[in-house]
Amino acid sequence: MSVAPVPTIELSDRFARELAELAVPWQAEPAPEPRLLVLNEPLAAELGLDPDWLRTPDGLRFLVGNLVPGGATPVAQAYAGHQFGNYVPRLGDGRALLLGELVTPGGKRLDLHLKGAGRTPFARGGDGLAAVGPMLREYLVSEAMSALGIPTTRSLAVVATGRPVRRETVLPGAVLSRVAGSHLRVGSFQYARATDDPDLLRRLADHAISRHHPAAAQAEHRYLALFEAVVAAQAELVARWMLVGFVHGVMNTDNMTISGETIDYGPCAFLDAFDPATVFSSIDLGGRYAYGNQPLVAEWNLARLAEALLPLFGDDAEQAVPLAVAALGRFREQYGDASLAGMRAKLGLPATVPAAEVASLTADLLALLQANSVDYTSFFRRLGSAARGESEPVRELVLDLAALDGWLARWRALAPDGAAMDRVNPAYIPRNHLVEEALAAAVEGNLDPLGRLLDAVTAPYDERPGLERYAAPPPEGSTDYVTFCGT
Ligand code: AMP
Ligand code: MG
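Since the structure is predicted, the reported quantities are computational estimates derived from the model, not experimental observations. (Residues numbered from 1 in each chain as written. Chains lettered and ligands numbered in written order. Predicted model: local features only at pLDDT ≥ 70, side-chain atom pairs only at ≥ 80, totals over all residues. Heavy atoms only, no water.)

Caption draft 1: Empty space enclosed by the protein, seen in detail. All chains considered together, the criterion is met by three cavities of 30 Å³ or more. Computed from the structure, the largest cavity encloses a volume of approximately 70 Å³. The class makeup of the residues in the lining of the largest cavity is five nonpolar, seven polar and one charged. (1 Å grid on protein atoms, 1.4 Å probe; cavity = no way out; pocket = protein on both sides within 12 Å on 5 of 7 lines; lining within 4 Å. Points joined across faces, edges and corners; volume = space filled by probe spheres on them. Nonpolar A, V, L, I, M, F, W, Y, C, P; charged D, E, K, R; others polar.)

Have a look at this one:
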């Protein structure tokens, strides 16, 4: 039998070197019996990692952090964060490790990161572990988001560890390996600011500029330009979430990136029936992170980022605060523009239709969807057929047909393009009842439903015969979905 040699995997420790104050060198806990549950072969190839090697015993040890490539320095990252509005000065990676940064054959620098790799110095009361179900959930939803064209961390693999995890019951443990533009968060800046070390804050900002917003380096006020770039990236991101009906569920400042990528898929879920008050997370009792609140929360989080960056905006607050306020003020405008452009595309309307008309059609449609509890994703997908003259598929979803027909007549008069709509309105999203079904089977050892759902949601616009149940609204009685955090 031939043994595949360990390939050279170069992982840079640039973060650990440049920002040592935010990095605690640490090792993953040994996994007694690593077993591959899912591997993202196309992503592995993009990263320059050999999928065949990743499947070998050494490859699995690499994917759980037990085989560390030479020269790499895995670290737990320190960050702070506002959790549900309350400031926590020291959070950090309680159960995650940054293995290092990888430069892809395409020249992109990406973090390679593990979740569920054991307790770290930031673990507080936690066990440092993750269960199979929630890690497969992050894998599935993040890959669906990526296929929808939404900036996000990506998932490389989920490996069962053979280690039991104690929650309400004993569950099988797993490690998720994921990649990201970086894991810099609003909370990273809050942590650096709280150290009262202006040099650390400046180094962190310079690091963020170089990794994510290099144009800011050319600006007259580079740190203000960094903040403006994050505001713009988050305005765009949250608009994209809203357009597909995504609810993040735990938009704490430690879960908001500087890169503008979606991160930390915990209690997230997609809307079925359209309702801005929708909350899935079991712990979000006040509805702070409800679907309709997400733009406001993003703006609130960005205000916390501005506070953290303030010393870099100017020597005295009197000068710095108005600059920060003006930069933050652009969020609403940018969010509004991105949201309107996205709705224009979802409705298939040409650029010649005035913005005010798109906005008014959107507002009336969303009110109608809400009043009739209409399945959001199905409605927009079926609206493509209505643009081609076939209205019955959307009419089947709505009770108040007089209102719908009136709206359709107004919209159709603007000559919507059905084919263009099919390219932006997904047929397949990770619907809650399908996710639950796939995860329940996976935890029992049957990975087929997960594989089928992954196939559907990773080509979301390409409607295929045989996948009808993946495109359909949930069956009656399967609503009132609840998701859980930190599992
Ligand atoms: P989250 O909101 O899920 O991103 O997690 C918030 C914080 O709790 C982060 O600092 C995590 O590292 C930490 N955390 C969550 N689950 C665990 C766990 N099982 N053990 C240790 N730390 C955890
Ligand atoms: Mg987090």
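Moving on, there is more to tell.
Caption draft 2: Representation of helix 7 (residues 198–212) within the structure. Given a rise of 1.5 Å per residue, 15 residues ought to cover 21 Å, and the 21 Å separating the end C-alpha atoms of helix 7 matches this to within 8%. When we look at burial in helix 7, the residues that qualify are Leu200, Leu201, Leu204, Ala205, His207, Ala208, Ile209, Arg211 and His212. Its buried side turned inward, helix 7 meets helix 1 (14–18), strand 6 (96–103), strand 7 (109–115), helix 6 (186–194), helix 8 (222–244) and helix 9 (294–313). By the N-cap criterion, in which a side-chain oxygen at the helix start approaches the backbone nitrogen of a residue two or three places on, helix 7 is capped by aspartate 197, the distance to aspartate 199 being 3.0 Å. (Helix = DSSP H or I, 4+ residues; strand = E, 2+ residues; numbered from the N terminus. Expected span 1.5 Å × (residues − 1). Buried < 20%, exposed > 50% of the residue type's maximum accessible area, 1.4 Å probe, protein only. Contact = heavy atoms within 4.5 Å. Polar contact = N/O pair within 3.5 Å; in protein donor to acceptor, adjacent residues only side chain to side chain.)

Caption draft 3: Main features of the site of ligand 1. Neighbouring ligand 1 are 17 residues, the closest being Gly92, Gly94, Asp127, Gly128 and Asp264. Within the backbone of glycine 94, an N or O atom sits 2.7 Å from an oxygen atom of ligand 1. In the environment of ligand 1, a nitrogen atom lies 3.3 Å from a nitrogen or oxygen atom belonging to the side chain of arginine 95. The protein chains hide 86% of the 490 Å² of surface that ligand 1 would expose on its own. (Near = heavy atom within 4 Å. Areas by Shrake-Rupley, 256 points an atom, 1.4 Å probe, with all protein chains shown as cover.)

Caption draft 4: Inspection of the coordination of the magnesium ion (ligand 2) at higher detail. Taken together, Asn255 (OD1) and Asp264 (OD) make up the protein donors of the magnesium ion (ligand 2), found 1.9 to 2.2 Å from the metal. As far as the burial class goes, asparagine 255 and aspartate 264 line up, both buried. (Donors = N, O, S within 2.8 Å, 3.2 Å for Na, K, Ca; no water.)

Caption draft 5: View of the pairing of strand 6. In terms of residue burial, strand 6 counts as a mostly covered element, since seven of its eight residues are buried. Both strand 6 and strand 7 contribute to a ladder of seven bridges, which runs antiparallel. Pairing of leucine 97 across the sheet is with leucine 114, part of strand 7. With antiparallel pairing between neighbouring strands as the criterion, strand 6 and strand 7 make up a hairpin whose turn holds five residues, including glycine 107 at a positive phi of roughly 95°. (Pairing = 2+ DSSP bridges.)

Caption draft 6: Region of the structure containing the nonpolar core. Core analysis: the largest hydrophobic core is formed by 129 residues, its most contacted members being Phe62, Leu156, Phe189, Phe227, Phe379, Leu383 and Trp411. At 15 residues, helix 8 tops the list of elements feeding residues into this core. Both domains that meet at this core, namely domain 1 (2–180) and domain 2 (349–416), each give it at least three residues. If we skip the residues at most four places from it in the chain, phenylalanine 189 touches Leu201, Leu204, Ala205, Ala208, Leu226, Ile258, Leu305, Ala308 and Leu309. (Core = buried A, V, L, I, M, F, W, Y, C linked by side-chain atoms within 4.5 Å. Domains from an automatic or database assignment.)

Caption draft 7: The environment of tyrosine 87, seen in detail. Structurally, the position occupied by tyrosine 87 is in strand 5 (residues 86–88). The partly exposed category is assigned to tyrosine 87, whose relative accessible area is 36%. Ignoring sequence-local partners within four residues, the contact set of tyrosine 87 consists of Ala80, Gly81, His82, Gln190 and Ala194.

Caption draft 8: Here's a closer look at the pairing of strand 7. Of all seven residues in strand 7, six are buried, a share of seventy percent or more. Here five bridges tie strand 7 to strand 9 (residues 170–180), and the two strands are oriented antiparallel to one another. The residue of strand 9 that forms the bridge with leucine 114 is serine 177.

Caption draft 9: Local environment of the domain arrangement of the protein chain. Once the domains are mapped, the protein chain shows domain 1 (2–180) and domain 2 (349–416). Computed from C-alpha coordinates alone, the two centres of domain 1 and domain 2 are separated by 43 Å.

Caption draft 10: Molecular detail of helix 16 (residues 432–443). With 12 residues, helix 16 ought to run about 16 Å at 1.5 Å a step, and its terminal C-alpha atoms sit 16 Å apart, in line with that. Here the buried face of helix 16 lies against helix 5 (132–147), strand 11 (269–270), helix 17 (448–457) and helix 18 (468–471). Two residues or fewer after helix 16 comes glycine 445, characterised by a positive phi angle close to 105°.

Caption draft 11: Summary view of the pattern of salt bridges. Tallied over the full model, the rule gives 30 salt bridges. Ionic pairing is found between arginine 211 and aspartate 111, a salt bridge with its closest N-O pair at 2.8 Å. Of the two residues, arginine 211 sits in helix 7 while aspartate 111 sits in strand 7, which places them 100 residues apart along the sequence. Taking the relative accessible area as the measure of exposure, aspartate 111 reaches 1% and is therefore buried. One salt bridge in this structure joins aspartate 199 and arginine 203, with 3.0 Å as the shortest N-O distance. Placement of the pair is aspartate 199 and arginine 203 together in helix 7, with a separation of four residues, close to one helical turn. Salt bridges linked by common partners bring Asp93, Lys115, Glu138, Arg178, Arg185 and Asp264 together as one network. (Salt bridge = Lys/Arg side-chain N within 4 Å of Asp/Glu carboxyl O.)

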